[in-house]
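Reading the structure
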Amino acid sequence: MSTTSTTRLILETLLPHLKVAAAYAHFLQPKIAALPAKEQGNNFFSAALTDADVAIQNLVEVVLLGTFPEIGFYGEEYESSNNTKYFCATDLGSKGDYLVTLDPIDGTKFYLDGHSNYQIILSILNSDDFEAVIAISPAQNVYFYALRGEGAFQGTLEMSLEACAPLHITSAKPSILLGWGMNAIAHLLKGQYKVIDIATDYSSDIQIPNLNGILSGDLSGAVIKSGKFIDSAALAFIVREAGWIVTTLDGSTLPPLHTCENYTMPGLIIAASESVHQDLLKAMQSFRSVE
């Protein structure tokens, strides 16, 4: 069985359960009560932890252990899970030994505040790169997925993988999202773009774009301080397959996953076009030249 058919089989098996998880998250959102915050310094997005995070991860863990027990798994809430110890691995192995990762509620703070642009992100990783990613937006009734070398696709939650249409991001607005810790370059971009600084522009009342705005055309680029496998790097893989440009902060090609530490890539520049990429790269170079 080929790599693509194997990863597609995993996605096809998990998709019905992920749709159940999406319906659960959507139903629970107005009722949710936060659990005690995780200790993550001053990043209030990382600090948010909900009942939905834990429950969705438990659901995916049960399905994986029951259908693909030979595959490793790493979920964001691994410390809260009773299933972690049963997986054959929680980190990357050799080539062909897949690792499934999960961010059960990406954008937890958005979720807690009633915004619609949270999502469930599940990825299949090989030792060098992502093999597949699926990102589900329950409140928006849409999901996106990509298979390595096969392109990116989008559809509604009623659709199967095969029914989804190719993802063509053609209406990107001149807006740049700066991830946590990247506000120092904001002034270098404001003359050309609408700059959205996640740390200072977030509002509990007015929804701003999350990183998944790159999938819907609400953003033309983003600069992320570090690309976590479970969320920002996974979304970057989808837009890479859709034809966007993704590099490290100095413009280098992305490193093999097995060379990264703590399930995290270096910082990422994500851009809809070469011109946007050059603007973001220039801003990073100017910033570093005066550090």
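Parameters and conventions
- Residues numbered from 1 in each chain as written.
- Predicted model: local features only at pLDDT ≥ 70, side-chain atom pairs only at ≥ 80, totals over all residues.
- Heavy atoms only, no water.
- Helix = DSSP H or I, 4+ residues; strand = E, 2+ residues; numbered from the N terminus.
- Rg over C-alpha atoms; globule rule 2.2 N^0.38 Å.
- Buried < 20%, exposed > 50% of the residue type's maximum accessible area, 1.4 Å probe, protein only.
- Contact = heavy atoms within 4.5 Å.
- Areas by Shrake-Rupley, 256 points an atom, 1.4 Å probe, with all protein chains shown as cover.
- Lys, Arg positive; Asp, Glu negative; His and termini not counted.
- Charge placed at Lys NZ, Arg CZ, Asp CG, Glu CD.
- Phe/Tyr/Trp six-rings, centres within 6.5 Å; stacked < 30°, edge-to-face > 60°.
- Lys NZ or Arg CZ within 6 Å of the ring centre and 35° of its normal.
- Core = buried A, V, L, I, M, F, W, Y, C linked by side-chain atoms within 4.5 Å.
- Pairing = 2+ DSSP bridges.
- Axes fitted to C-alpha atoms, helices over the stretch in contact; angles between N-to-C directions.

Describing the overall build of the protein chain
Helix and strand content of the protein chain: eight helices and 14 strands. Compactness check: the protein chain gives a C-alpha radius of gyration of 18 Å against a globular reference of 19 Å for 291 residues, within 12% of the reference. Split into buried and exposed, the 291 residues of the protein chain put 52% on the buried side. By sequence separation, contacts in the protein chain at least 24 residues apart represent 62% of the contacts at least 6 residues apart. Approximately 12400 Å² of the protein chain is accessible, and the part contributed by carbon and sulfur atoms is 52%. Measuring between centres, the 16 positive side-chain charges of the protein chain sit 4 Å from its 31 negative side-chain charges.

Here's the deal with helix H7 (residues 232-241)
Of all the 10 residues making up H7, eight are buried; the element is thus mostly covered by neighbouring parts of the structure. Looking at H7, one finds that the buried residues are Ser232, Ala233, Ala234, Leu235, Ala236, Phe237, Ile238 and Val239. Immediately downstream of H7, the backbone of Gly243 shows phi near 105°, a positive value.

Focus: the packing of aromatic side chains
According to the stated counting rule, one finds 10 aromatic pairs in the structure shown. Taking 4.6 Å as the distance between ring centres and 70° as the angle between the ring planes, the aromatic pair formed by Tyr111 and Tyr118 counts as edge-to-face. The class for Tyr118 is buried, based on a relative accessible area of 0%. What links up through ring pairs into an aromatic cluster is the set Tyr74, Tyr78, Phe130, Phe229, Phe237 and Tyr263. For Lys31, the ring lying beneath its charged end belongs to Phe27, and the centroid distance is 4.1 Å.

Looking at the nonpolar core
In this structure, Phe130, Ile214, Ile238, Met265 and Ile270 are the most contacted members of the largest nonpolar core, which totals 42 residues. At the level of secondary structure, the elements contributing two or more residues to this core comprise strand E3 (119-125), strand E4 (130-137), strand E5 (142-147), helix H6 (213-216), strand E10 (221-224), H7 and strand E14 (268-271). Tallying contributions element by element places H7 first for this core, with seven residues. Apart from the residues lying within four places of it in its own chain, the contact partners of Phe130 are Ser123, Ile124, Leu125, Arg148, Phe229, Ala233, Ala234, Phe237, Arg240, Leu257 and Met265. In terms of nonpolar packing, the next biggest core, distinct from the first, is built from 38 residues, Val60, Tyr98, Val100 and Ala132 among them.

Description of the sheet that holds strand E8 (residues 175-178)
On the basis of which strands lie adjacent, the open sheet formed by five strands has the order E9-E8-E10-E14-E12 and mixed pairing. The open sheet terminates on both sides in strands that have one partner only, identified here as strand E9 (194-197) and strand E12 (245-248). Across the sheet, the mean angle from the axis of one strand to that of its neighbour is 15°, orientation sign disregarded. Note: E8 against E9, four bridges, orientation parallel. Opposite Leu178, over in E9, you have Asp197 as the bridge partner. Strand contacts of H7: E10, E12 and E14, with the helix running at about 35° to E14, the strand carrying the most contacts.

Side note on the sheet that holds E3
The pairing of strands in a sheet happens through backbone hydrogen bonds and is either parallel or antiparallel. Judged by pairing direction, the sheet is mixed, and its seven strands sit side by side in the order E1-E2-E3-E4-E5-E6-E7 without closing on themselves. Only two strands of the sheet have a single partner each, and these edge strands are strand E1 (72-75) and strand E7 (165-166). In terms of strand pairing, strand E2 (residues 99-106) meets E3 through six bridges, oriented antiparallel. Bridging from a neighbouring strand, Asp103 pairs with Ile121 of E3. Against the sheet, H7 touches E2, E3, E4, E5 and strand E6 (151-156), its axis set at about 105° to E4.

Thoughts on the pairing of E5
By the criterion of burial, E5 is predominantly enclosed, with six of the six residues buried. Burial of E5 is two-sided: the residues Val142, Phe144 and Ala146 facing one way and the residues Tyr143, Tyr145 and Leu147 facing the other way are all buried. Here E4 runs beside E5; their pairing, made up of six bridges, is antiparallel. Within E5, the residue paired with Ser137 across the bridge is Val142. The turn linking E4 back onto E5 is made up of four residues, and Asn141 within it adopts a positive phi angle of 55°. One ladder, built from six bridges, connects E5 with E6; its direction is antiparallel. Within the sheet, the bridge partner assigned to Tyr145 lies in E6 and is Phe153.

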